[in-house]
Amino acid sequence: MTNEITIHLDINGKTHSLSVEPRVTLLDALRDHLALTGTKKGCDQGQCGACTVHVNGERVLSCLTLAAQAEGQKITTIEGLSDHGAELHPVQAAFLEHDAFQCGYCTPGQIMSAVACIREGHTGSDDEIREYMSGNLCRCGAYPHIIEAVREAAKVMS
Amino acid sequence: MRDFSYLRAASVEEAINAAALPATMLLAGGTTLLDLAKCGVADPERVVDISHLTGLDTIRVDGEGAFIGALAKMSRVAVDAAIQQQFPAVSEALWQAASAQIRNMASIGGNLLQRTRCAYFRDPATFPACNKRSPGSGCSALEGVTRNHAVLGGSDACIATYPGDLAVALTAFDAVVHLGERSVAIDDFFLLPGSTPNREHAMQPGEMITAITIPTSVAARHSTFIKVRDRQSYEFAAASAAVGIAFEADGKTISDIRVALGGVATKPWRARGVEDALRGRAFEPEAVKQASRLAIEGAIDHGANHYKIELAPRVVERAILKTGAMA
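All values derive from a computational prediction rather than experimental measurement.

**What about the sheet that holds strand S9 (residues 223-228) of chain B?**
Residues and elements named next belong to chain B.
So, point 1. Overall, antiparallel pairing links the four strands, which are arranged S9-S10-S11-S12 in an open sheet. Taken across any chain shown, the strands that pair with only one partner, and hence form the sheet edges, are S9 and strand S12 (269-270).
So, point 2. When strand S10 (residues 239-247) meets strand S11 (residues 254-262), the two strands line up antiparallel, connected through eight bridges. Within the sheet, the bridge partner assigned to Val243 lies in S11 and is Val259.
So, point 3. Against the sheet, helix H13 (residues 307-326) makes contact with S9, S10 and S11, and its axis sits at roughly 35° relative to S10, the strand it touches most.

**So, the environment of Ala312 of chain B**
All names here are of chain B.
So, point 1. Of note, Ala312 is situated in helix H13.
So, point 2. With a relative accessible area of 0%, Ala312 lands in the buried category.
So, point 3. Separated by 16 residues in the primary sequence, Ala312 and Ile296 place their C-alpha atoms 7.1 Å from one another.
So, point 4. Residues in contact with Ala312, not counting those within four places in the same chain, are Ala239, Leu261, Val264 and Ile296.

**As for the sheet that holds strand S3 (residues 46-49) of chain B**
Residues and elements named next belong to chain B.
So, point 1. Across the sheet, which stays open at both edges, the three strands sit in the order S1-S3-S2 with parallel pairing between neighbours. Of all the strands in the sheet, just strand S1 (5-8) and strand S2 (24-27) have a single pairing partner and so form its edges. Going across the sheet, the axis of each strand differs from the next one's by a mean of 25°, ignoring polarity.
So, point 2. Judged from the four bridges that link them, S2 and S3 form a sheet pairing that is parallel. Opposite Leu27, over in S3, you have Asp49 as the bridge partner.
So, point 3. Contacts from helix H1 (residues 12-19) reach S1, S2 and S3 within the one sheet, and its direction differs from that of S2 by about 150°.

**Focus: the interface of chain A and chain B**
Reports often express the size of an interface as the amount of accessible area lost when the parts come together.
So, point 1. On the chain B side, the residues contacting the 33 residues of chain A number 34 residues.
So, point 2. Around 2700 Å² of area is buried between chain A and chain B when both sides are counted, 50% of it from carbon and sulfur atoms.
So, point 3. Per-residue buried area on chain A facing chain B is highest for Arg23, Leu64 and Gln69 of chain A; these three make up 25% of the total on that side.
So, point 4. For the pair chain A and chain B, the interface holds three salt bridges.
So, point 5. Salt-bridge contacts for Asp3 of chain B lead to Arg23 of chain A; the nearest nitrogen and oxygen are separated by 4.0 Å.
So, point 6. At the boundary of chain A and chain B, one finds 20 residue pairs in polar contact (both at pLDDT 80 or more).
So, point 7. Secondary structure elements with two or more residues in the side of chain A that touches chain B: strand S4 (58-61), helix H3 (107-120) and helix H4 (126-132) of chain A.
So, point 8. Among the elements that line the side of chain A that touches chain B, the one with the most residues is S4 of chain A, at four residues.
So, point 9. Across the side of chain A that touches chain B, the residue classes break down as eleven nonpolar, 14 polar and eight charged.

Cut-offs used in this document
Residues numbered from 1 in each chain as written. Chains lettered and ligands numbered in written order. Predicted model: local features only at pLDDT ≥ 70, side-chain atom pairs only at ≥ 80, totals over all residues. Heavy atoms only, no water. Pairing = 2+ DSSP bridges. Helix = DSSP H or I, 4+ residues; strand = E, 2+ residues; numbered from the N terminus. Contact = heavy atoms within 4.5 Å. Axes fitted to C-alpha atoms, helices over the stretch in contact; angles between N-to-C directions. Buried < 20%, exposed > 50% of the residue type's maximum accessible area, 1.4 Å probe, protein only. Buried area = accessible area lost by both parts, 1.4 Å probe. Salt bridge = Lys/Arg side-chain N within 4 Å of Asp/Glu carboxyl O. Polar contact = N/O pair within 3.5 Å; in protein donor to acceptor, adjacent residues only side chain to side chain. Nonpolar A, V, L, I, M, F, W, Y, C, P; charged D, E, K, R; others polar.

The following block contains the structure:
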């Protein structure tokens with residue numbers, strides 16, 4: 001017996017209607033139902049930050065958010081960070097410029113988190129960046145370059 | 001995670017009525033409930049989403065104290081200017097907890113109700129024995145790896161540590177948990193495991209946290225929260241201390257002192273022994289050091305967690321010295 005509910009999600013400025021079981025997370029809805037695979041599934045338990053998206057402009061973990069809970073909220077994923085075909089977002093550009101990744105799997109989450117971190121004003125020092133980016137793990141250990149990229153992107157965005 | 005039915009509550013009344021049904025859980029930030037559902041620890045048949053209810057996220061500070069609505073986000077409370085000024089230990093406990101993402105999601109009410117990080121509790125497939133999950137089934141931790149387990153407040157049935165930071169600061173400053181019409185002092189809200197570790201707090205089925213209040217005090221205004229952990233950020237406390245101090249007019253006699261411990265006990269732990277030893281005394285480093293040892297009065301270790309008995313008094317001492325220097 002299926003127990004599906006119909007929900008409407010506002011993702012990157014576009015409304016999507018989908019039918020999901022209530023237990024489906026926002027992360028799985030994005031990846032498996034809407035083919036928005038830029039948002040990554042790392043631990044799926046709120047410990048790694050790979051699934052970070054913005055809800056109403058604030059960074060949250062899509063693996064611990066039910067898709068149904070996100071109805072009526074404005075969701076932004078890595079795909080919606082810059083306008084289609086336009087230039088990269090300054091944080092994306094900074095990650096390229098500073099080689100702030102190795103395998104790249106954590107990168108979309110790092111970037112979404114960094115955009116919010118800069119917007120929140122938590123880039124006053126490298127220590128502050130470390131503290132406020134601590135929810136995004138990088139198993140390759142690219143942290144020094146990630147710090148550089150966030151620091152430099154913050155300057156560009158200010 | 002097994003499937004469940006989903007109801008988006010339109011009012012507190014609707015949420016409370018629905019929550020009284022068996023196998024029903026309230027969903028606010030989701031950071032505990034969805035995590036535990038994925039672990040196989042939480043297995044609700046019905047989930048009642050209260051995250052969209054309006055009017056429950058107020059943060060207000062006046063002469064009497066702070067009023068924090070249950071759905072206020074951790075991140076909002078942490079940066080509230082009046083909270084930072086009147087209750088610095090509360091703000092510090094919040095911003096040092098979890099990650100920026102989780103603090104944007106987690107509600108204050110849900111934060112209090114977060115469950116233990118005991119690895120045996122969180123892994124029912126491998127460790128069926130857990131008195132907290134299945135009363136009477138035994139405790140896998142007592143004969144297991146106990147590095148993160150409690151040295152205070154444990155029982156033969158359970159030594160799981162209460163993991164939160166905020167509740168430690170709230171316990172130091174006599175916060176009150178509001179369950180609609182009923183209110184419970186925070187120290188009575190959290191229960192010792194005893195023979196019923198499955199009962200963690202004083203809420204009854206169908207009750208819901210609606211707000212937390214914290215009375216104003218000089219000690220709360222001159223307070224700090226120190227958290228020591230295995231890594232610098234995004235980690236639960238190995239030991240933590242919330243401390244607040246007020247002085248007599250002479251500026252050196254302690255008129256009021258509050259001390260609470262986290263990361264070492266089965267519930268947020270008020271260290272009244274330390275407070276009693278220092279109240280009325282002159283603020284003096286050697287006296288602080290001696291008194292801080294009383295923080296672990298009655299502690300029992302289980303081998304790997306012995307270090308907490310050494311660590312906790314040092315964290316308390318450091319927090320008292322830091323608070324005294326700024327009061």
